[in-house]
There are 2 protein chains.
Amino acid sequence: MRLVPMLLAAAIAAVVHLPAAATVAAEAANTPAASVAPAAPETRISDASMAVAAQLRETALASSLAWDITESLTTEVGPRLAGSEADARAVEWAKAKFAELGFDRVWTEPVTFPKWVRRSERAEVLGANAQPLALTALGGSPAGTIEAEVVRFADLAALEAAPAGSLAGRIAFVDYRMERARDGSGYGPGSRVRSRGPSAAIRAGAAGFLMRSAGTDSHRNPHTGITRFDEGLEPVPSAALAVPDADQLARLLARGPVRLRLALDCGWDGEYTSQNVIGEITGSRHPDEVVLIGGHLDSWDLGTGAVDDAAGVGITMSAAVHIARLPQRPARSIRVVAFANEEQGLHGGFAYADQHAGNVARHQLVAESDFGAGRIYGFGTGAPAHAKSAEARIAEALAPLGIEHMPGEGSPGPDVIGMARKGATWAWLGQDGSDYFDLHHTPDDTLDKIDPEALAQNAAAYAVFAYLAADADGDFGSAPVAAGAD
Amino acid sequence: MRLVPMLLAAAIAAVVHLPAAATVAAEAANTPAASVAPAAPETRISDASMAVAAQLRETALASSLAWDITESLTTEVGPRLAGSEADARAVEWAKAKFAELGFDRVWTEPVTFPKWVRRSERAEVLGANAQPLALTALGGSPAGTIEAEVVRFADLAALEAAPAGSLAGRIAFVDYRMERARDGSGYGPGSRVRSRGPSAAIRAGAAGFLMRSAGTDSHRNPHTGITRFDEGLEPVPSAALAVPDADQLARLLARGPVRLRLALDCGWDGEYTSQNVIGEITGSRHPDEVVLIGGHLDSWDLGTGAVDDAAGVGITMSAAVHIARLPQRPARSIRVVAFANEEQGLHGGFAYADQHAGNVARHQLVAESDFGAGRIYGFGTGAPAHAKSAEARIAEALAPLGIEHMPGEGSPGPDVIGMARKGATWAWLGQDGSDYFDLHHTPDDTLDKIDPEALAQNAAAYAVFAYLAADADGDFGSAPVAAGAD
């Protein structure tokens, strides 16, 4: 029973990629773990480990390796929509890159999911103010061409209040403007429009759904992202307008009725099996225990997925390589996972959790980098009391990077929500996401948007964190959630 | 003979929209005018006029009229490619707007030009790094689909040095990066790549032409613009890559050969007759003498032509309205011209000059606002000595707007080059163009990019300038260029 809110939160997170919901999920997940190990000895990090970490930090800061990896993925593979031909090339790229970088073990684990395809998308105002509008289909949208009058709603609540049938034959337009924030908190309400709006529109009888992009920029680059239709509803074409186009449509609607032609060619097309690609640096004393770090390998198709999430792959791969190049390996292994299909429902993360459900306790800590390439400003974990002083030691080693210890803040990255739900303890290395939603899920998510110095700061933070966690004397509280609670 | 450099400069200006070249053209044009009126009495501006101008300045600064007009054109008409259905709607909009704003006379003058049409455009890297690239056809490009290897040139000179035949069956790519500058001076070399590159590519045997956009942004929004093919050459498909895509192509080329599929569907399609739309506020004492101000009504099709050049239309229309609302009209008329088809070769400006060739001396001063919506920072004219103290008086009235008197600087806006060549004296109200080439000719040229306060500053400057020039006691040196010099 008590897990119900947690599962709900995780389900929302799966659709909307929502840190706040994920926090709730993970903290709920960790509570039982802590309660089954009340008398664990205090975890310690030695002065020797701290000295190595300080060296590692400087090495990683001075290295361009994270950039080189990110450049390679975005340039050579480019956009890599889950299930596309480029998805397969990305998997081959990751295997080859892990091998080239000298990882001790490289393997793949299958991830199967429904495949969604985008072919074309177009919208135009009809009549006296005829003009095209820039938009993009939401992931999961069906194909369809409709000509209909547009009805504007200021926000999701207004649409949800529309009586059944009141939008018959019309297009619902939710004109909610997302707020900018360092921690990305504006994305919660912004992305809820995307996840819940289409179903609300259908309930009111709408023939189509449009939204102002869940983004903070003002460029002609619409923001895509996955949506879901509630059970029992017949999906309708659903798309996001670029921010200037939402402005334009709002101005036109202020003058009088607007008829729009919306033509989307896209939809679900069978199943596809991709791979989580995993590279491991073997630990010296407890090789079967791992610190798991990673990013996701897939991207949306509009850009080259630089900040979302080639950066995460580059940061975590390079962090492990810096650790591998130390004179001596840490006690535990460093496992880097390039997750499959995060974008359409955390498929890679959940597949990993299913595959490794029996080894939760062997995951010392789990952390994913999937919030762009801005500098890390905060650090925390979901660890129980006996590991809190070790967490503080890690924070001490991160402080010279401008990172603040923020216990009680943060959440697991989306692809480790699955493991956190099963009882693995998560760590959070909080990136400055002030600009992230200028680029997120748009054509503009390209390499030029990444600051190489900020990227190196991220890599240094992950290297320090992963090394210290892997070399700690004691655990961070990962333990399987009691079966009875599920 | 002496006009040859001037005509050449004007021709370049026509293709590349280049202030520097325009300056040369206009200054050459004004020299003979000055020489035929050596003994003109000094032009004066009265204290009473200055007092009215000071009031006018405050009224215009506090008014949203320039914004309202700009909003109306960009919203109601949207993109308005010369020769398109929207061109005709823009003409109707301008006629109605002049009438609604209470102009004393409103009329149109025909402008005929070849019509160019854009239907679709697409490019993709082929092979192991398969991915789409964002680009747009250059205006004037023919249709065509080619698959070919790309050859990169660092700049135009490198392409021009390529031996004849050396690019047979290949695509030339000029990777020149335009520089940012307040006065837009980086656009000279940037746009020369666009105007001369395609012909240089054809001479070397190329099957297609690509360039890094002549722009200063880094967004997935390519910059279009007109090109010309030299006589006797068979045009090839020619396009501009968005800046991040030029980066991407350069990175791929650094790894090895790149084959590209370039598919453009566009081309010339007969002739079209549009209209210069003209509104006039009748002067109180010399109604047949005019201060001509204006902007151009057409835009490229990718954006809604907000900074290029709805802003110019809004600034100058509103300036005239503020003058019309004064208790007393200035001595001369204020003529506002919304020029047709500036983008494809200053067609409206040259048509106006042909139509009004016999009335050069009745044009007190001519000025076009066509460099965006940034604040005006400098003022000057091409006037001869007897009007220099009047110019200084105008500058004095502009100074509270943060505008510096910069004699010897500046040039006529593109659509008044034709009149300047015929001997009309131009004025320059120099706008800060630091950000102009982030937006120029891209999908991103939309209303949200305009700062309403900067727009009002522009309107105030045009109102003050036009009023004082119209109310001056004496002329600014406009006189027909001696026939023998042509």
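The rules behind these values
What you see as residue numbers is a count from 1 along each chain, following the sequence as written. Here chains are named by letter from A upward and ligands by number from 1 upward, in the order in which they appear as written. The predicted origin of the model limits local features to residues at a pLDDT of at least 70 and limits the giving and counting of side-chain atom pairs to 80 or more, whereas totals for whole chains, interfaces and linings rest on all residues. Heavy atoms from the whole structure form the basis of all side-chain values; hydrogens and water molecules are not counted. Segments assigned H or I by DSSP are reported as helices when at least four residues long, segments assigned E as strands when at least two residues long, and all are numbered from the N terminus. Radius of gyration: C-alpha atoms only; globule rule: 2.2 Å multiplied by the number of residues to the exponent 0.38. When accessible area is computed with a 1.4 Å probe and restricted to protein chains, residues below 20% of their type maximum are described as buried, those above 50% as exposed, and intermediate ones as partly exposed. The method behind every accessible area is Shrake-Rupley, applied with a 1.4 Å probe, and residues are considered shielded solely by the protein chains displayed. A positive count includes Lys and Arg, and a negative count includes Asp and Glu. His and the chain ends are not counted in either. To locate a charge, take atom NZ for lysine, CZ for arginine, CG for aspartate or CD for glutamate. Whenever two N or O atoms come within 3.5 Å, that pair is a polar contact, provided that in protein one can donate a hydrogen and the other can accept it, and provided that, for residues adjacent in sequence, both atoms are side-chain atoms. UniProt positions are given in the numbering used here, feature names are shortened, and annotations may be inferred rather than shown by experiment. Superposing the copies works by least squares over the C-alpha atoms of residues that have pLDDT at least 70 in both of them. By definition in these notes, contact holds between two residues if any of their heavy atoms fall within 4.5 Å. Helix axes use the C-alpha atoms of the stretch in contact, all axes being lines fitted to C-alpha atoms, and the angles between their N-to-C directions lie in the range 0 to 180 degrees. Working definition: roughly parallel below 35 degrees, roughly antiparallel above 145 degrees, roughly perpendicular at 65 to 115 degrees, and oblique for all remaining angles. Gly falls in the polar group here, along with every residue not listed as nonpolar (Ala, Val, Leu, Ile, Met, Phe, Trp, Tyr, Cys, Pro) or charged (Asp, Glu, Lys, Arg). By definition, a salt bridge exists where a carboxyl oxygen of Asp or Glu is found within 4 Å of a side-chain nitrogen of Lys or Arg. For two strands to be treated as a pair, DSSP must find at least two bridges joining them. Note on terms: buried area is the combined drop in 1.4 Å-probe accessible area of two parts once they are placed together, counting the loss on both. Any Phe, Tyr or Trp ring, taking Trp's six-membered ring, that has another such ring centre within 6.5 Å forms a pair; planes under 30 degrees apart are called stacked, those over 60 apart edge-to-face, and the others tilted. Distance and angle both matter: a charge sits over a ring if NZ of Lys or CZ of Arg is within 6 Å of the ring centre and within 35 degrees of the ring normal. Expected helix span is computed as 1.5 Å times (number of residues minus one). The domain boundaries here were taken from an automatic or database domain assignment. Along the chain, pLDDT gives the predictor's confidence residue by residue, from 0 to 100. Clockwise travel from the first strand over the helix to the second, with the strands pointing away from the viewer, marks a crossover as right-handed.

Draft legend 1. Looking closely at the overall build of chain A. Tallying secondary structure elements over chain A gives 14 helices and 14 strands in all. Relative to the globule expectation of 23 Å for 486 residues, the C-alpha radius of gyration of chain A, 23 Å, shows essentially globular dimensions. Its C-alpha atoms give chain A principal-axis dimensions of roughly 75 × 50 × 40 Å. Relative to its full complement of 486 residues, chain A shows a buried share of 65%. By element, 52% of the accessible surface of chain A is carried by carbon and sulfur atoms, the whole surface being about 16,100 Å². Between the centroid of the 40 positive side chains of chain A and the centroid of its 60 negative side chains there is a distance of 3 Å.

Draft legend 2. Molecular detail of the side chain of A:His441. All names here are of chain A. Structurally, His-441 is set in the loop between helix H13 (436-439) and helix H14 (452-471). We classify His-441 as buried; its relative accessible area is 4%. A distance of 2.9 Å separates a polar atom in the side chain of His-441 from the backbone oxygen of Thr-224. A distance of 3.0 Å separates polar atoms of two side chains, one belonging to His-441 and the other to His-440.

Draft legend 3. Quick look at the UniProt feature "domain: Peptidase M28" (unreviewed entry) in chain A. Mapped onto this numbering, the UniProt entry gives "domain: Peptidase M28" (unreviewed entry) at residues 276-463 of chain A. Taken end to end, residues 276-463 of chain A is 32% helix and 23% strand, and its two terminal C-alpha atoms sit 21 Å from one another.

Draft legend 4. Spotlight on the relation of the copies chain B and chain A. Relative to chain A, chain B is turned by 180 degrees and slid 0.0 Å along the rotation axis, the superposed coordinates differing by an RMSD of 0.0 Å. Here the symmetry operator amounts to a two-fold rotation axis. Of the residues that chain B buries at the interface, 100% are likewise interface residues in chain A, meaning the two copies contact each other through the same surface.

Draft legend 5. Up close: the packing of helix H4 (residues 65-77) of chain A against H14(A). Residue and element names in this part refer to chain A. The interhelical angle for the contact between H4 and H14, taken along N-to-C directions, is 110 degrees, at an axis separation of 8 Å. Judged by the inter-axis angle, H4 sits roughly perpendicular to H14. Residue-level contacts link Ala-66, Trp-67 and Thr-70 of H4 to Pro-452, Leu-455 and Ala-459 of H14. Of the residues in the contact of H4 with H14, the class split is five nonpolar, one polar and no charged.

Draft legend 6. Expanded view of the pattern of salt bridges. Residues and elements named next belong to chain A. This model, assessed by the stated rule, comprises 68 salt bridges over all chains. A salt bridge links Asp-354 to Lys-422, with the shortest nitrogen-to-oxygen separation between them at 3.9 Å. With Asp-354 in helix H10 (residues 347-355) and Lys-422 in the loop between helix H12 (417-421) and strand S14 (427-431), this pair connects stretches of sequence that are 68 residues apart. Given the relative accessible area of 27%, Lys-422 is considered partly exposed. Lys-449 serves as the salt-bridge partner of Asp-448, at 2.7 Å between the closest nitrogen and oxygen. Salt bridges sharing common partners tie together Arg-152, Asp-175, Arg-177, Arg-212 and Asp-247.

Draft legend 7. Quick look at the sheet that holds strand S14 (residues 427-431) of chain B. Residues and elements named next belong to chain B. Judged by pairing direction, the sheet is mixed, and its three strands sit side by side in the order S13-S12-S14 without closing on themselves. The open sheet is flanked by strand S13 (404-405) and S14, the only strands paired with a single partner. Where strand S12 (residues 376-381) and S14 come together, five bridges link them in antiparallel fashion. Looking at S14, one finds that Thr-381 is bridged to Ala-427.

Draft legend 8. Just the interface of chain B and chain A, in detail. Each partner contributes to the interface: chain B provides 33 residues, whereas chain A provides 33 residues. Together, the buried faces of chain B and chain A total about 2,400 Å²; carbon and sulfur atoms form 41% of this surface. When the buried area of chain B at its contact with chain A is split by residue, B:Thr75, B:Arg220 and B:Arg255 rank highest and sum to 23% of it. Across the chain B-chain A interface, the total number found is four salt bridges. With a shortest N-O distance of 2.6 Å, B:Glu71 and A:Arg255 are connected by a salt bridge. Our count for the chain B to chain A interface comes out at 29 residue pairs in polar contact (both at pLDDT 80 or more). Of the residues in the side of chain B that touches chain A, the class split is ten nonpolar, 13 polar and ten charged.

Draft legend 9. Inspection of the packing of aromatic side chains at higher detail. Residue and element names in this part refer to chain B. In this structure the tally under the stated criterion is 22 aromatic pairs over all chains. A centroid spacing of 4.5 Å and a plane angle of 20 degrees characterise the contact between Tyr-187 and Phe-437, whose relative ring orientation is stacked. Here Phe-437 lies in helix H13 (residues 436-439) and Tyr-187 lies in helix H7 (residues 187-203), a separation of 250 residues in the sequence. Accessibility assignment for this pair places Tyr-187 and Phe-437 in one class, buried. For the ring pair Tyr-377 and Trp-428, a centre distance of 6.0 Å and an interplane angle of 85 degrees mean the geometry is edge-to-face. Residue Tyr-377 is located in strand S12, and its partner Trp-428 is located in strand S14; the two are separated by 51 residues in the primary sequence. When sorted by exposure, Tyr-377 lands in the same class as Trp-428, which is buried. Directly above the ring of Trp-107 sits Arg-105, whose terminal nitrogen or CZ lies 4.0 Å from the centroid. Stacked on the ring of Tyr-377, the Lys or Arg Arg-182 has its end atom at 3.5 Å from the ring centre.

Draft legend 10. Structural context of helix H9 (residues 306-324) of chain A. The end-to-end C-alpha separation of H9(A) is 25 Å, in line with the 27 Å expected for 19 residues at 1.5 Å each. Burial within H9(A) is extensive, with 19 of its 19 residues counted as buried.

Draft legend 11. Structural view of unusual backbone geometry. Residues and elements named next belong to chain A. Geometrically, the link from Asp-308 to Asp-309 is a cis peptide bond, its omega value of 10 degrees lying close to zero. Inspection of the secondary structure assignment puts Asp-309 in helix H9. For His-441, which is not glycine, the phi dihedral falls at a positive 65 degrees.

Draft legend 12. How the structure looks around the domain arrangement of chain A. Residue and element names in this part refer to chain A. By the assigned domains, chain A splits into domain 1 (4-114 + 271-471) and domain 2 (120-269). Measuring from the centre of the C-alpha atoms in domain 1 to the corresponding centre in domain 2 gives 33 Å. Across the boundary between the two partners, domain 1 contributes 27 residues, which contact 27 residues of domain 2. Between domain 1 and domain 2 we count two salt bridges in total. Close ionic contact of Asp-435 with Arg-180 constitutes a salt bridge, the shortest N to O distance being 3.6 Å. Secondary structure elements with two or more residues in the side of domain 1 that touches domain 2: helix H1 (4-16) and H13. A per-element tally of the side of domain 1 that touches domain 2 places H13 first, with three residues. Broken down by class, the residue content of the side of domain 1 that touches domain 2 amounts to twelve nonpolar, nine polar and six charged.

Draft legend 13. Representation of the sheet that holds strand S12 (residues 376-381) of chain A. Residues and elements named next belong to chain A. Ordered in space as S13-S12-S14, the three strands form an open sheet in which the pairing is mixed. Whereas interior strands pair on both sides, the edge strands pair on one side only; in this sheet they are strand S13 (404-405) and S14. In this structure, S12 lies alongside S13, joined through two bridges in parallel fashion. Within the sheet, the bridge partner assigned to Gly-378 lies in S13 and is Glu-404. The strands that helix H11 (residues 388-398) touches are S12 and S13; relative to S12, the one it contacts most, it runs at about 165 degrees.

Draft legend 14. How the structure looks around the confidence of the model for chain A. All names here are of chain A. With 91% of its residues at a pLDDT of 70 or more, chain A shows a mean pLDDT of 93. The lowest-confidence element of chain A is H1, averaging 38 in pLDDT; the highest-confidence one is strand S10 (residues 332-339), averaging 99. pLDDT under 50 marks residues 1-35. Its contacts with residues more than four places away, or in other chains, come to 66 contacts. ipTM for the predicted complex: 0.93, alongside a pTM of 0.93.

Draft legend 15. Looking closely at the pairing of strand S6 (residues 208-212) of chain A. All names here are of chain A. Counted residue by residue, S6 has five buried out of five residues, so it is predominantly covered. Burial along S6 is two-sided: the face carrying Gly-208, Leu-210 and Arg-212 and the face carrying Phe-209 and Met-211 are both buried. Pairing of strand S5 (residues 171-174) with S6, which is carried by four bridges, proceeds in the parallel orientation. Bridging across to S6, Val-174 finds its partner in Met-211. The handedness of the S5 to S6 crossover, carried by helix H7 (residues 187-203), is right-handed. In terms of strand pairing, S6 meets strand S7 (residues 238-241) through four bridges, oriented parallel. Across the sheet, the residue bridging to Arg-212 is Leu-241, located in S7.

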